[in-house]
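Listed below, chain by chain, are the residues.
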Amino acid sequence: MSAVPADFSDDDQPLASQSYDKKATRAPATNGKHKVAHNNGDSSVSEDDDLPLSQAAKSSQPVTPKVSRILKRKKPSVDSSSDDDVPLASSPAKKGASKPANGANHNHTPKVKPSNSDADFDNTSLKKRAITNGKSHKHPKKKTKEENESSDEGKLKKPSAARKRKLKVEDEDGVLSDEQNKTTKQKSRSKRLKQEDNIPNGVPPQPKKREKVAKKSEDTDAPAPLSKSNKEKDEEDEEVYRWWDGENPNGDGSVKWQNLEHNGVIFPPPYEPLPTDVKMLYNGKVLDLPPTAEEVAGFYAAMLETDHAKDAVFNKNFFEDWKKVLKEHPPRNGMKVTDFALCDFRPMFEYFEAEKAKKKALSAAEKKALKQAKEEMEAKYMTCLLDGRREKVGNFRVEPPGLFRGRGEHPKKGSLKMRVRPEDIIINIGEGVPIPVPNVPGQWKAIIHDNTVTWLANWTENVNGNHKYVFLAAGSTLKGQSDMQKFEKARELKNHVDRIRQNYTKDLKSKVMADRQRATAMYFIDKLALRAGNEKGEEEADTVGCCSLRCEHVTLEPPDSVIFDFLGKDSIRYYNKVQVDSQVFKNIRIFKENKEEADNLFDRVTTGSLNKHLNQEMKGLTAKVFRTFNASITFQRLLDEDREKLDGATLQEKLNAYNKANRWVAILCNHQRSVPKTHDQAMEKMRNKHRAFKYERMKLRHALFTLEPKYKKNKKYAEDESDLDEEWIASYEEEQKAKDIEKAEKKFAKDNEKLVEEGKKAHDNSVLADRIEAITDEYRRLAKERGTGKATLKRERPLEKLEESIDKLTEKIKSFKLQMVDRDAGKEVALGTSKINYLDPRITAAWCKTHNVPIEKIFSKTLVTKFPWALEIDGEWKF
């Protein structure tokens, strides 16, 4: 049987949170496609995988319309400023600004929350932002800190209070004093020498022994522990390597490992030809394709009823690449394929859909067996040995061939992604360890032993020429150290940010054009959290960042407003109108003078020169560090502002407050998504569930009134079901009746199955008929009670139990209403991106401990695994 074409990797899929409002251009022919309604953005791949299921929040920001490629605008007529404001382009290069005394204020944080005050930016500065984070690796030995996020779901065990690591004593600035530092180093050196006394010559020291994490804290004041499934409880004793307790948790900055052993990567299975009776058509006739050409046609056929297949650029690129394949592997019946409009892929599409339906219809036991077989086959690839420790590998599967989807308006979407073979892959492994054997025929391109990088395998994909890497999983030692270093670098910026702001504010009036442009760019990166931006090639999507803004992207609106309108990362529209400093307004006007709309606004600044200058201001400082700093410190401030308000609040009220702060940061960082296609449907389901809770409360109230009429006068039990009309009640009861009958039928079948297995006689069908009749009688009784204000329950309950049940339902209704509000408020904001990349996880961990909120209510299982080093700080920790 032929396999349905595999899904594409996340790297090449347009994420729901990264799509923007657009109209797809239809292809010139139907190609066997049914007409389907077009919906802006593909929301089938949601960021909710990175959010706790109960707290998947979506915002209420409006979807922005498509951005024109070039915006023709009239230049506002503004009086020229004095000559003193014009920089001298020919002036000598300015030396680095002198640093102020250490007495600079370190507590300044950019205001993000809207207010009525006359701040640098008005309330509109936080509206309509969009973008998610991520970088492509350009070279095997660069940007190892920007490793791909893994969705690996490792286990994290929370340590007991008695097992919390001892923290080093810090001074007011959070830095060990010289005396303390010296003492600590001496103790560490003494301990290390004692260990080395017992080590044979030539044998490197073994890594720190793992500790078993305690099962549960006995501290009654500790926050609620993570909820665990039975499987998780069985794995309670799993060992966790606590690298953050070591002498050097941040790593040495160069050599990443001493020994590395792994099994390489796993390749997708070879293509299996379709059955002989499944053929696509060309001009109404059967097209007999050889396997290689048939496989490529199948990639498109599987996507026939998606928005991709309605996109003219996607169709054009696919057809061009497919024709190249057909040239080398022509149809066996001699037909020539020259016109895309004459291709009918529907027979293949229908076959794939039938195969999907068959897989879906498999029994639970069959699905379990298939899953177990897959896990057994992949088991050896899932882990590696890193310096004697077993660590989980992240993306160990090689991407299957397919069609490149790209993100946003990528000019190469629809292009063919070729099958990757062993000859394309470089393996990075320790010296003297067994070389992994590919699971398909072939030899590795090269074997290297580079312990200064953290990737295990690397290859170059054919569409964009980007490097693809296999890294360790998100919860691994190396990735954890990289994350900690990133957030610690952002925290370090607190000690320098005031001086840096003073310097760039002074340079806003510099006589050197390059310095003035750089200062203006830094102003926007700091205040608006813009990305720096990189140069784009002709075959890449036309997206820009701060340094690559063109004049067409920025409009001046006197007296002091600047309107930004451009496509950011992943082709997400960034539209923002902000009030700026008067000098910044003058600078933008000067930069735009005598330039065409397509000219660069900051023509004297590049991302490289900007980051080089930032590194001079603070070692390791880049535009991204500024972005992480502003996101985290703003998040900390917003949570602190609501701290007192949450005293005595319910769990859902606390979660709503957290998500509200997260949304403001997502808006600041321009993390927007189009409204998911299923949002309205999901909200309607929630509304029906909310009504169902009210229905249950109504029946309990009526039962209470039937037993004791005096309760009718109690305001606590007043009617709260104004949205439950008789029509909805009738419909709901019919729906519940059908569900109850279905449950009874399934239970009857399951009981009979069990009886047969035990060698007993199965129940007669009359047993099922009696059960269905009892259900029918119950719902006849409910129908008679409609509108009477009276009710009887299946089993009698005392008044106290009825009161207790009503009170619980009242709280449940209130909490669920808050969930609905929170979900609808976040329908256009991508919260997962900031949680993963920009918000120091220690902020969340400390907040959860302060307010006694279980961490799994906010962090998904993946994030708990990713940030184990952040979860043990105390509730008083601050960014």
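Residues numbered from 1 in each chain as written. Predicted model: local features only at pLDDT ≥ 70, side-chain atom pairs only at ≥ 80, totals over all residues. Heavy atoms only, no water.

Draft legend 1. Fine view of the nonpolar core. Ranked by size, the top nonpolar core spans 86 residues in total, and within it Leu 493, Phe 524, Phe 564, Ile 588, Phe 602 and Phe 859 carry the most contacts. Broken down by element, the residue count for this core peaks at nine residues, all from helix H12 (residues 623–641). If we ignore the near neighbours within four places in the chain, the residues touching Leu 493 are Ile 500, Met 618, Leu 621, Val 625, Phe 626 and Phe 629. Grouped together as the second largest cluster of nonpolar side chains are 32 residues, Ala 309, Phe 314, Phe 319 and Leu 326 included. (Core = buried A, V, L, I, M, F, W, Y, C linked by side-chain atoms within 4.5 Å. Buried < 20%, exposed > 50% of the residue type's maximum accessible area, 1.4 Å probe, protein only. Helix = DSSP H or I, 4+ residues; strand = E, 2+ residues; numbered from the N terminus. Contact = heavy atoms within 4.5 Å.)

Draft legend 2. Molecular detail of the packing of helix H15 (residues 726–757) against helix H16 (residues 765–785). The geometry of H15 relative to H16 is characterised by a closest axis approach of 10 Å and an angle of 160° between their N-to-C directions. Judged by the inter-axis angle, H15 sits roughly antiparallel to H16. In the crossing of H15 with H16, the sense of the turn from one axis to the other is right-handed. Counted together, Glu 733, Gln 736, Lys 737, Asp 740, Ile 741, Ala 744, Glu 745, Phe 748 and Asp 751 of H15 and Asn 765, Val 767, Leu 768, Arg 771, Ile 772, Ile 775, Thr 776, Tyr 779, Leu 782 and Ala 783 of H16 form the full contact between these two elements. (Axes fitted to C-alpha atoms, helices over the stretch in contact; angles between N-to-C directions. Parallel < 35°, antiparallel > 145°, perpendicular 65-115°, else oblique. Left-handed = near helix turned anticlockwise from the far one by under 90°.)

Draft legend 3. Just the side chain of Glu 295, in detail. Tracing the backbone through its elements, the reader meets Glu 295 in helix H3 (residues 291–301). Among all residues touching Glu 295, those that are not within four sequence positions of it are Tyr 271, Pro 401 and Arg 419.

Draft legend 4. A look at the packing of helix H14 (residues 679–707) against helix H17 (residues 799–825). The interhelical angle for the contact between H14 and H17, taken along N-to-C directions, is 165°, at an axis separation of 10 Å. It follows that H14 is roughly antiparallel to H17 by the angle criterion. In this structure, H14 crosses over H17, and the sense of that crossing is left-handed. In the contact of H14 with H17, the residues fall into 15 nonpolar, five polar and ten charged. (Nonpolar A, V, L, I, M, F, W, Y, C, P; charged D, E, K, R; others polar.)

Draft legend 5. Focus on the packing of aromatic side chains. A complete count under the given rule lists 30 aromatic pairs for this structure. When the centroid spacing of 4.9 Å and the interplanar angle of 10° are considered together, the rings of Trp 728 and Tyr 732 count as stacked. Taken as a pair, Trp 728 and Tyr 732 lie in helix H15 at a separation of four residues, close to a single helical turn. Per residue, the accessibility class of Trp 728 equals that of Tyr 732, and both read buried. Through a chain of ring-to-ring contacts, the aromatic side chains of Tyr 300, Phe 314, Phe 318, Phe 319, Trp 322, Phe 340 and Phe 345 assemble into a single cluster. (Phe/Tyr/Trp six-rings, centres within 6.5 Å; stacked < 30°, edge-to-face > 60°.)

Draft legend 6. Examining the pairing of strand E16 (residues 561–567) more closely. By the criterion of burial, E16 is predominantly enclosed, with seven of the seven residues buried. Going residue by residue along E16, you find Ser 561, Ile 563, Asp 565 and Leu 567 tucked away on one face and Val 562, Phe 564 and Phe 566 tucked away on the opposite face as well. Across four bridges, the pairing between strand E15 (residues 554–557) and E16 is antiparallel. Looking at E16, one finds that Thr 555 is bridged to Ile 563. Pairing between E16 and strand E17 (residues 573–579): seven bridges, direction antiparallel. Within E17, the residue paired with Leu 567 across the bridge is Arg 573. (Pairing = 2+ DSSP bridges.)

Spatial relationships are all this shows, so hold off on functional conclusions.
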